[in-house]
Amino acid sequence: MKKTAFLLLMLAVSFVGKNPAQSQEFPNPTNLQTVRGAASTLQRSLSLMAESTAEKRNHVKVLFYGQSITEQDWSHAVADDLRKRFPHADLEIENRAIGGHSSQILSKTAEADLYPFYPDLLVFHVYGDHRDYEAIIRRVREQTTADILLQNDHFQRNGKLDEEKDPANLTPANWAPWFNHVFLPGLAEKYDVGLLDQRSVWKTYLEDNQLTPRDLLRDGVHLNEHGNHLMAEIVNSGLQYTPGTTVVEDDRVTTIPINSNDWTGGQLTIPFEGNRVDVITANQGEPREVQVLVDNRNPSDFPNAYCMTKTSGYLGTNWPCLLQIQRGPSPVIPETWSIRITEASDDYNQFRFTVTGSVSGDDGEGTATETFVSNSGRLKIEPRDWNLAYCRKVFEKPLTVDAVIQFDVVPQFNDHFIAKANPDPTRESTVRLIQGISNGQHTLTLIADSDTPITAVRVYRPPFARQTKSTPNVLVLYADDMGFGDLSIQNPASKIPTPNLDDLARQSMRFSNGHSSSGICTPSRYALLTGRYHWRDFHEIVGPFGKSVFDDKRLTLPEMMTAYGYTTAAIGKWHLGWDWDAIKKPNAKPITVSGSKQKSYPPEAFDWDKAIPGGPLAHGFHSYFGDTVINFPPYCWIQNDRVIKAPDAMLDTSKWRPIKEGSWECRPGPMASDWDPYQCLPTITHRGVEFIHAQKDNDKPFFLYFAFPSPHAPIIPNDAFDGQSEAGPYGDFVVETDNACGQLLDALRESGQADDTIVIFSADNGPENYAYVRDATYDHWSAEPFRGLKRDIYEGGHHVPFLIRWPGVTKPGTVSDSLASQIDIMATLADAIDYALPEDAAEDSHSLLPIIRGDSNLVRTAHVHNTYKNAYAIREENWLLIDSKTGYHRKPNQKWETKHLYNADDDQAVELYDLSIDIGQRHNVASHHPDRVRSMQARLKSIRSAKHSAPRFDP
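Rules used throughout
Residues numbered from 1 in each chain as written. Predicted model: local features only at pLDDT ≥ 70, side-chain atom pairs only at ≥ 80, totals over all residues. Heavy atoms only, no water. Helix = DSSP H or I, 4+ residues; strand = E, 2+ residues; numbered from the N terminus. Rg over C-alpha atoms; globule rule 2.2 N^0.38 Å. Buried < 20%, exposed > 50% of the residue type's maximum accessible area, 1.4 Å probe, protein only. Contact = heavy atoms within 4.5 Å. Areas by Shrake-Rupley, 256 points an atom, 1.4 Å probe, with all protein chains shown as cover. Lys, Arg positive; Asp, Glu negative; His and termini not counted. Charge placed at Lys NZ, Arg CZ, Asp CG, Glu CD. Core = buried A, V, L, I, M, F, W, Y, C linked by side-chain atoms within 4.5 Å. Salt bridge = Lys/Arg side-chain N within 4 Å of Asp/Glu carboxyl O. Pairing = 2+ DSSP bridges. Axes fitted to C-alpha atoms, helices over the stretch in contact; angles between N-to-C directions.

## Looking at the overall build of the protein
Check the secondary structure of the protein and you find 21 helices and 39 strands. What you see for the protein is a C-alpha radius of gyration of 31 Å, in line with the 30 Å of a compact globule of 955 residues. For the protein, the spread of C-alpha atoms along the three principal axes comes to 95 × 70 × 60 Å. Among the 955 residues that make up the protein, the fraction classed as buried is 60%. For the protein, the proportion of contacts with a sequence separation of at least 24, taken over those separated by at least 6, is 76%. For the protein, the computed accessible surface area is about 37100 Å², with 48% contributed by carbon and sulfur atoms. Treating the 95 positive side-chain charges of the protein as one cloud and the 124 negative ones as another, the clouds have centres 4 Å apart.

## Observations concerning the nonpolar core
Among the nonpolar cores identified, the biggest contains 116 residues, and Leu477, Leu557, Met560, Phe703, Tyr705 and Phe761 are the most heavily contacted of them. Sort the elements by how many residues they give to this core and helix H16 (residues 728–750) lands first, with 10 residues. If sequence neighbours within four positions are ignored, leucine 477 has contacts with Phe706, Phe708, Cys741, Leu744, Leu745, Val759, Ile760, Phe761 and Ser762. Counting 83 residues, the second-largest nonpolar core is a separate cluster that includes Ala110, Phe117, Ile136 and Val409.

## Quick word on the pattern of salt bridges
Per the stated rule, a full pass over the model turns up 51 salt bridges. Salt-bridge contacts for arginine 288 lead to aspartate 451; the nearest nitrogen and oxygen are separated by 2.9 Å. Of this pair, arginine 288 sits in strand S8 (residues 288–294) while aspartate 451 sits in the loop between strand S18 (430–447) and strand S19 (454–460), and the two are 163 residues apart along the sequence. Arginine 657 serves as the salt-bridge partner of aspartate 676, at 3.6 Å between the closest nitrogen and oxygen. With aspartate 676 in the loop between strand S30 (670–671) and helix H15 (680–694) and arginine 657 in the loop between strand S29 (649–650) and S30, this pair connects stretches of sequence that are 19 residues apart. Its relative accessible area of 23% is what places aspartate 676 among the partly exposed residues. Because the salt bridges share partners, they merge into one network encompassing Arg657, Lys660, Asp676, Asp719 and Asp722.

## A short note on the sheet that holds strand S36 (residues 862–866)
The four strands are arranged S36-S37-S38-S39 in an open sheet whose pairing can be described as antiparallel. Single-partner strands in this sheet number two, and they are S36 and strand S39 (911–914). Shown here is a sheet whose adjacent strand axes are inclined to one another by a mean of 15°, direction ignored. On top of the sheet, helix H21 (residues 930–945) reaches S36, strand S37 (872–876), strand S38 (879–882) and S39; it is set at about 110° to S37, its chief contact.

Keep in mind these numbers describe shape, not what the thing actually does.
In structure tokens form, the structure reads like this:
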């Protein structure tokens, strides 16, 4: 499919600007009845055209969208035919197709080109990835009330007319037949849109006239004059009005008549459901000023009531220099933006630019390879959204020296307007009050005199609401170094109260057999966010100022959610690396830290004014807030990809309040002089609560990855939590973490989003070594009932709390003993939102959805456990094989083993445990089951040597 899409893209590029003029007469197709059924879902827009009269001219917006095929002369012929057939209709017809831009690209440009236009009728055809194709259609259904006519593909030069058409015999491997005879019909049915089967008409036409596909083409894919004639005839036949099927006022568009009696005390109040409201003015009456409120707020207060226009084209073409501009963390305002390229390589793979707003003023500078967030916070530009290198390659010319790339932020609303009498009674006079808000229940209030010349209000309700069971919000709560036994609901002997997590567990499916990928931090986080065993790529944590562990080509969980239309955010601990070298000054060198043999870079080694690439924003998150790692430099807050306050000192823990348990474990390095680690957890919790509340009015679902720094060392519960547990300061720190979870869950409930949000709680690995002292001192074993701690491949190192709450799907209070992994979260969410994972992504991720829905008790049959590169274990059913002499990373704690009745090591080469009767891993039975040992070793070797283990790859 990728190869085919690329070839079509190159052909499209060669065709730019080459539409032939039609002059010759050609035979007409004879089997057009096969395509007329496509109009059955288009009757709302067609009836508006057909029922227009000289006295009542209905305004109808028609949009042609797609690639260079859609730019060709057939579309202009169809537009002319509509004007001839419906001469009284007030037609607004535009063609915004962009040659050379596949579905993967149009899914971005559509945000400016398609959805804000809000067509009544969309005629659409594009090549490219089927997932992006569907994403566009889904967004049209979520954002507009348009009738949609899809076109399947005509035959290309080497197309086979006798292709297989039976869906039972087709797979994506046979791309063109599968796409046209399986995918598109399924898509049309799913979204209730018209599908024009022009492919069948082409086949019959070619056979009837003894032609081959190349007779209708000017190259491998583009139409010649004859092909344009045929295409126009086919599309015209698909746009046939059927008398007697008037659906002008279906439930997507409702017109509410208004008279003077509807006004009370100078106000008109109308509840409505939808995402757009227009007002229709009367044919007579004096002008009146009208104030508009939606949900008792000014329309200008709704962030999504603004849209960004398409950027100016490359060298005067319609190819945008930027595929899309995203809103930053601050609200936008109406203004014109200008981007100047200040220096660039010849191929435009490297360049620098400045950004200026007509109101915001000079707003920062950036580079081609870094995520840019303007100084005002109003704009965000991702490196992957630049289109300059592609344009430079195709057009073979650079931009002029003084070229300026421009776009506008345009309001789709009116806070106030003057209602005037309609000067042309044959046409409706409308004023758009608001467009782009969430598609749901709202209240419109108009404040004006009762004699204001307003005759009706028209409400637009797209057929798909944002929040459906297929698009829930997702909140991931990820604790750091929290043991299975630290949740009191899982440990009857616990000395730590966790009321909020216990309540969450009672509302969730609790996986009693859930695992992280590794026994340490970075690898587990990587596996969760990629759906891939960490050991396929690395084993260690990222050190201070370490590089990103992500391959830029690897699809991440937040990238997947972003592609599906989610607003994504990461708050808290990152510990997956950044490109710190990008902000390091030339010739910067580490210094030896006073009173220590350790070395670190001082604050002056970095240019803190620069954006730090390679972090969360480079891998799918729209926003980030946190301190990256609580015990690693730099000790300061980072928002998105920039520090908020630059470090101005070196780490000095003497400036902080005393630590309450253990040691600081902080690596030396730059620190903001007012840094207070005790404020880390409260601050990120506050930011998380703010983010959740802000999403209430967002028309997109959200994905929030909230990664706690706790109860990882340094163990620093705030004073209000001192003594809240019977397990010392660590226990109090767990209580504070539980309290933070409660605040975030309360924010979901208070904002009305709890029922629409999947909540996942887990931890990156088992508890730290301090757990041995805690057990001896307080008789609380954080890894209860397991053996081992963080770093170990015994159960205590990776067998962690794992809760999933999905209201309406998970049965509250359910406990599942099915084998589950954090690696499985990516495939589970992909399944939940109906996202087709590509073959080079989430290779080890199993969808837990059948278990969550109660359809199955078994999804994953094996799990490889690993922390460091020379020790592996494998879980298979109830059996656990440690393919090493021991599951400990460090020497065993003899006092703990004696207390908990463990025997001395039996010195066998491997360890085998039957966890159904020995969950504490006390009795190595490897010598009693040599065949099972060999079988599990073989499976371990097979999984390690394979490139994947997910069931979707099974033959």
